[in-house]
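These are the residues of each chain, in order.
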Amino acid sequence: MKIVLVGASGTIGKAVDAELGARHDVVRVNRSSGDFQVEIADPKSIERLYAQIGAFDAMVNTAGNVHFGPFEQFTGEQFEVGLRDKLMGQVNLVMLGLKHIRDGGSFTLTSGLLNDDPIREGVSAAMVNGGLEGFVHGAAIVLPRGLRINVVSPTVVEESLPAYGPYFRGTKAVPASEAALGYAKSVEGAQTGRVYRIGWSRDH
Ligand SMILES: NC(=O)c1ccc[n+]([C@@H]2O[C@H](COP(=O)([O-])OP(=O)(O)OC[C@H]3O[C@@H](n4cnc5c(N)ncnc54)[C@H](OP(=O)(O)O)[C@@H]3O)[C@@H](O)[C@H]2O)c1
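Just so we're clear, the structure is a prediction, and the values are computed from it rather than from any experiment.

Turning next to the site of the ligand. Taken together, 26 residues lie near the ligand, and Ser 9, Ser 32, Glu 39, Thr 62 and Val 157 sit nearest. Between a nitrogen atom of the ligand and a main-chain N or O atom of Val 38, the distance comes to 3.5 Å. Here an oxygen atom of the ligand and a backbone polar atom of Gly 64 are 3.2 Å apart. When the ligand sits alone it has 900 Å² of accessible area, and the protein chains cover 82% of it. Most atoms of the ligand, that is more than half of them, are within 2 Å of grid points of the largest pocket. Elements with a minimum of two residues in the shell around the ligand: α1 (11-21) and α3 (76-95). Here the residues of the shell around the ligand sort into nine nonpolar, 13 polar and four charged.

Written out as structure tokens, the structure reads:
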């Protein structure tokens, strides 16, 4: 399969690249390096990316930014960061990818546990992750041509603990290679409309 991997140089993206790159032709896309560059918050940049890459079988996105900060100090502009980047960036990767993806292809997005297992500074991440999961449920039942869509929701990964550990006390971390299995299941399996929760469950 020809797989477009957006966010390939990131902590999760590198693990997805190692997992899928062993079996498939991975096109690596980042903001500032890789085979191609994109700014996912800018729909025109996404259009240019897809025009350059041509037809593909799967798009996996592991890029996305949200603002973290104390709830009562959140500004509209700070909420907009997550809406424009992690939420609409991923929505636009799907919508603008529709005319380039081959029949039977798949889209795989990235959310995270914070909408179900919130932390103090994560109100925007919680909102965005919930929005992404709603989008995937809504899109899965109407995608044409046998196309599929899923979202991977990893717990915090071990490689990120030096940076994020203090925000996630008491939360089990898993290696990024374990999170990558969710992406493999989405791309290489047959399911659609699923949220693959990796390393955590809602029963807590
Ligand atoms: N790390 C975790 O523990 C964890 C757990 C659950 C969920 N998540 C979610 O997983 C996603 C990736 O996290 P990560 O820790 O792997 O991030 P990361 O290490 O910071 O890597 C981000 C990747 O995405 C690219 N990127 C960032 N913003 C972009 C933009 N606006 N347009 C295009 N490319 C962009 C970066 O490219 P450049 O390097 O060129 O900028 C890089 O390849 C995030 O949505 C995060 O919320 C992470």
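Another point: the packing of α1 against helix α6 (residues 176-188). Axis separation between α1 and α6 bottoms out at 8 Å; the angle between their running directions is 55°. One finds that α1 runs oblique with respect to α6. When the axes of α1 and α6 are compared, the crossing they make is right-handed. Contacts between α1 and α6 pair Thr 11, Ile 12, Ala 15, Val 16, Glu 19 and Leu 20 from the former with Ala 176, Ser 177, Ala 180, Leu 181, Tyr 183, Ala 184, Val 187 and Glu 188 from the latter. Among the residues forming the contact of α1 with α6, the class breakdown is ten nonpolar, two polar and two charged.

This paragraph deals with α3. Most pronounced at Met 88, the bend in α3 amounts to some 45°. All of the buried residues along α3 are Gly 82, Asp 85, Lys 86, Leu 87, Gly 89, Gln 90, Val 91, Asn 92, Leu 93 and Val 94. Its buried side turned inward, α3 meets β1 (2-6), α2 (43-53), β4 (56-61), β5 (101-110), α4 (123-140) and β6 (148-154).

A few words now on the layout of surface pockets. The volume enclosed by the largest pocket comes to roughly 1,000 Å³. Together, 39 residues line the largest pocket, and Thr 62, Ala 63, Gly 64, Lys 86 and Tyr 164 are the ones closest to its centre. Broken down by secondary-structure element, the contributors of at least two residues to the lining of the largest pocket are α1, β2 (25-30), α3 and α4. Its residues assigned to classes, the lining of the largest pocket comprises 18 nonpolar, 17 polar and four charged.

This brings us to the nonpolar core. Within the largest apolar cluster, 40 residues are counted, with the highest numbers of intra-cluster contacts made by Val 6, Val 29, Met 59, Leu 109, Phe 135 and Ile 149. Contributing elements (two or more residues each) for this core: β1, β2, α2, β4, α3, β5, α4 and β6. At seven residues, α4 tops the list of elements feeding residues into this core. Residues contacting Val 29, with those up to four places away along its chain left out, are Val 4, Leu 5, Val 6, Gly 7, Ala 8, Phe 36, Gln 37, Val 38, Leu 49 and Ile 53. Core analysis: the second largest hydrophobic core is formed by 21 residues, Ile 3, Ala 179, Tyr 183 and Val 187 among them.

The next thing to look at is the pairing of β1. Most of β1 sits inside the fold, with five of its five residues counted as buried. In this fold, the crossover linking β1 to β2 by way of α1 has right-handed handedness. Where β1 meets β4, four bridges bridge the pair, whose relative direction is parallel. In the sheet register, Leu 5 faces β4, and the bridge partner there is Val 60.

Rules of the game
Residues numbered from 1 in each chain as written. Predicted model: local features only at pLDDT ≥ 70, side-chain atom pairs only at ≥ 80, totals over all residues. Heavy atoms only, no water. Near = heavy atom within 4 Å. Polar contact = N/O pair within 3.5 Å; in protein donor to acceptor, adjacent residues only side chain to side chain. Areas by Shrake-Rupley, 256 points an atom, 1.4 Å probe, with all protein chains shown as cover. 1 Å grid on protein atoms, 1.4 Å probe; cavity = no way out; pocket = protein on both sides within 12 Å on 5 of 7 lines; lining within 4 Å. Sits in = over half its atoms within 2 Å of the grid points. Helix = DSSP H or I, 4+ residues; strand = E, 2+ residues; numbered from the N terminus. Nonpolar A, V, L, I, M, F, W, Y, C, P; charged D, E, K, R; others polar. Axes fitted to C-alpha atoms, helices over the stretch in contact; angles between N-to-C directions. Parallel < 35°, antiparallel > 145°, perpendicular 65-115°, else oblique. Left-handed = near helix turned anticlockwise from the far one by under 90°. Contact = heavy atoms within 4.5 Å. Bend = angle between axes of the 7 residues up to and from the residue. Buried < 20%, exposed > 50% of the residue type's maximum accessible area, 1.4 Å probe, protein only. Points joined across faces, edges and corners; volume = space filled by probe spheres on them. Core = buried A, V, L, I, M, F, W, Y, C linked by side-chain atoms within 4.5 Å. Right-handed = clockwise from strand over helix to strand, strands pointing away. Pairing = 2+ DSSP bridges.

On their own, these measurements won't tell you what the molecule is for.
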